[in-house]
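Below are the chains, spelled out letter by letter.
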Amino acid sequence: MQRKVTKAIFPVAGMGTRFLPATKSVPKEIMTLVDRPLIQYAIDEAREAGITEFIFVTSRGKGALEDYFDCAPQLEQTLREKGKTDLLAAVEATNMESGAIAYIRQHKAMGLGHAVACASRLVSDEPFAVILPDDVIAGETSCLKQMVDAYQETGGCMVAAMEVPPSKASSYGVLDVKEDMGSMVSVKGMVEKPAPGTEPSNLAVIGRYILTPEIFANLKGQGEGAGGEIQLTDAIAAEIAKGENVFGYRFQGQRYDCGSKAGFLQATVAFALERDDLRDELSQYLEELVVARRAAE
């Protein structure tokens, strides 16, 4: 039995340039899918997986992100006095216990690997998870919970993986598969953003990881990779080169790339249609919109 995974790193230092001008003053992670910010989906997924310590790698201008998880006594008291118990419960669910969240600054945008390395002192010698809030994954069981359960049997390092069209593989880290075992694959190599036509498989790495603390030593001695940044996939590939076990996990669920405008809109519609209080009105509007567009054509 492996050690429990109780710590998670959330790299949230990015400037969110694809969502400017909104992200000029609002951290991208606070932007909402319906009525919950992206970061709340990531936190809820981590909690379901048994995470109890949350490490945020932030940057300047992320104060609203930190405030979001703080208590709001005046707001809570107002809701309580007005008997708005449902809203009160929703607000209280965002509060985090004192000491459960730690914030670390990444002073320079040097890539995902560098962001993860910034948290090394707080992780110490334990296995840990990494969650990228841009990747929102809807499923009956959360993606990270599926991975944590599988990790208890395998150990090593594990990355979430999904099949992508060859035309899109160059946008991802791609797995070179040693053995395909169904939901799990054993990995013999990883390539970050391969040139078109050179991808070793169609299995792309998605923003969920379970890693061993040895990754930090790899990152420390590692040079720049693709895009001139410190790449996390390069550090994981170094574990493979040392003969350590690395696995890709085909998760069950629907992934939305909320780092893109189209993916963010798709997720907003999908999550809204799952809501009893929104489904009928939104469905009717979408049907009317389709009819109107066809008529215009």
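For the structure, see preceding data.
Overview of the structure. Given the structure is predicted, the values throughout are model-derived calculations rather than measurements.

Definitions and limits used
Residues numbered from 1 in each chain as written. Predicted model: local features only at pLDDT ≥ 70, side-chain atom pairs only at ≥ 80, totals over all residues. Heavy atoms only, no water. Phe/Tyr/Trp six-rings, centres within 6.5 Å; stacked < 30°, edge-to-face > 60°. Helix = DSSP H or I, 4+ residues; strand = E, 2+ residues; numbered from the N terminus. Buried < 20%, exposed > 50% of the residue type's maximum accessible area, 1.4 Å probe, protein only. Lys NZ or Arg CZ within 6 Å of the ring centre and 35° of its normal. Contact = heavy atoms within 4.5 Å. Axes fitted to C-alpha atoms, helices over the stretch in contact; angles between N-to-C directions. Parallel < 35°, antiparallel > 145°, perpendicular 65-115°, else oblique. Nonpolar A, V, L, I, M, F, W, Y, C, P; charged D, E, K, R; others polar. Polar contact = N/O pair within 3.5 Å; in protein donor to acceptor, adjacent residues only side chain to side chain. Core = buried A, V, L, I, M, F, W, Y, C linked by side-chain atoms within 4.5 Å. Pairing = 2+ DSSP bridges.

1. Some thoughts on the packing of aromatic side chains
- Scanning all chains against the criterion turns up 9 aromatic pairs.
- Ring centres of Phe56 and Phe69 lie 5.7 Å apart, and the angle between their planes is 55°; on these two criteria the pair is classed as tilted. With Phe56 in strand S4 (residues 53–58) and Phe69 in the loop between helix H2 (63–68) and helix H3 (73–81), this pair connects stretches of sequence that are 13 residues apart. Across this residue pair, the class does not change: Phe56 and Phe69 are buried.
- In textbook terms, an aromatic cluster arises when at least three aromatic residues are bridged by ring pairs, as seen for Phe10, Phe54, Phe56, Tyr68, Phe69 and Tyr103.
- Looking at Arg36, its charged tip hangs above the ring of Tyr41, at a distance of 4.1 Å from the centre.

2. So, the environment of Ala117
- Inspection of the secondary structure puts Ala117 in helix H5 (residues 112–118).
- Counting along the chain gives 65 residues from Ala117 to Thr52, while the straight-line C-alpha distance between them is 20 Å.
- Contact partners of Ala117, with chain neighbours within four places excluded, come to Phe216 and Leu219.

3. Here's the deal with the packing of helix H10 (residues 261–273) against helix H11 (residues 279–296)
- Between H10 and H11, whose axes approach to 8 Å, the crossing angle comes to 130°. Put simply, H10 runs oblique to H11. Across the interface between the two elements, Val269, Ala272 and Leu273 of H10 pack against Arg279, Leu282, Ser283 and Leu286 of H11.
- Its residues assigned to classes, the contact of H10 with H11 shows 5 nonpolar, 1 polar and 1 charged.

4. A few points about the side chain of Ser59
- Within the element layout of this structure, Ser59 appears in the loop between S4 and H2.
- Within polar-contact distance, the side chain of Ser59 engages the backbone oxygen of Ala13 at 2.8 Å.
- Discounting residues that sit within four places of it in the chain, Ser59 has contacts with Ala13, Arg105 and Gln106.

5. Brief notes about the nonpolar core
- Core analysis: the biggest nonpolar cluster contains 40 residues, and Phe10, Ile39, Phe54, Phe56 and Met158 have the highest contact counts within it.
- Broken down by element, the residue count for this core peaks at 6 residues, all from helix H7 (residues 143–154).
- Once residues within four sequence positions are removed from consideration, Ile39 is found in contact with Phe10, Val12, Glu29, Ile30, Phe56, Leu65, Tyr68, Phe69 and Pro133.
- Counting 31 residues, the second largest nonpolar core, distinct from the first, contains Ile9, Ala161, Ile230 and Ala235.

6. Focus on the environment of Gly189
- Its location among the elements puts Gly189 in strand S10 (residues 184–192).
- Look at Gly189 and you get buried, because its relative accessible area is 13%.
- For the pair formed by Gly189 and Thr94, sequence separation is 95 residues and the distance between their alpha carbons is 39 Å.
- The contacts of Gly189, once residues within four sequence positions are left out, are Val174, Leu175, Asp176 and Ile240.

7. Observations concerning the pairing of strand S6 (residues 128–131)
- Here S6 shows a buried face lined by Phe128 and Val130 and a second buried face lined by Ala129 and Ile131.
- Alignment of strand S1 (residues 7–11) against S6, held across 2 bridges, turns out to be parallel. What sits directly across from Ile9, in S6, is Val130.
- Sheet topology places S6 next to strand S11 (residues 203–211); 4 bridges connect them, and they run antiparallel. When the sheet's bridge partners are listed, Ile131 is paired in S11 with Arg208.

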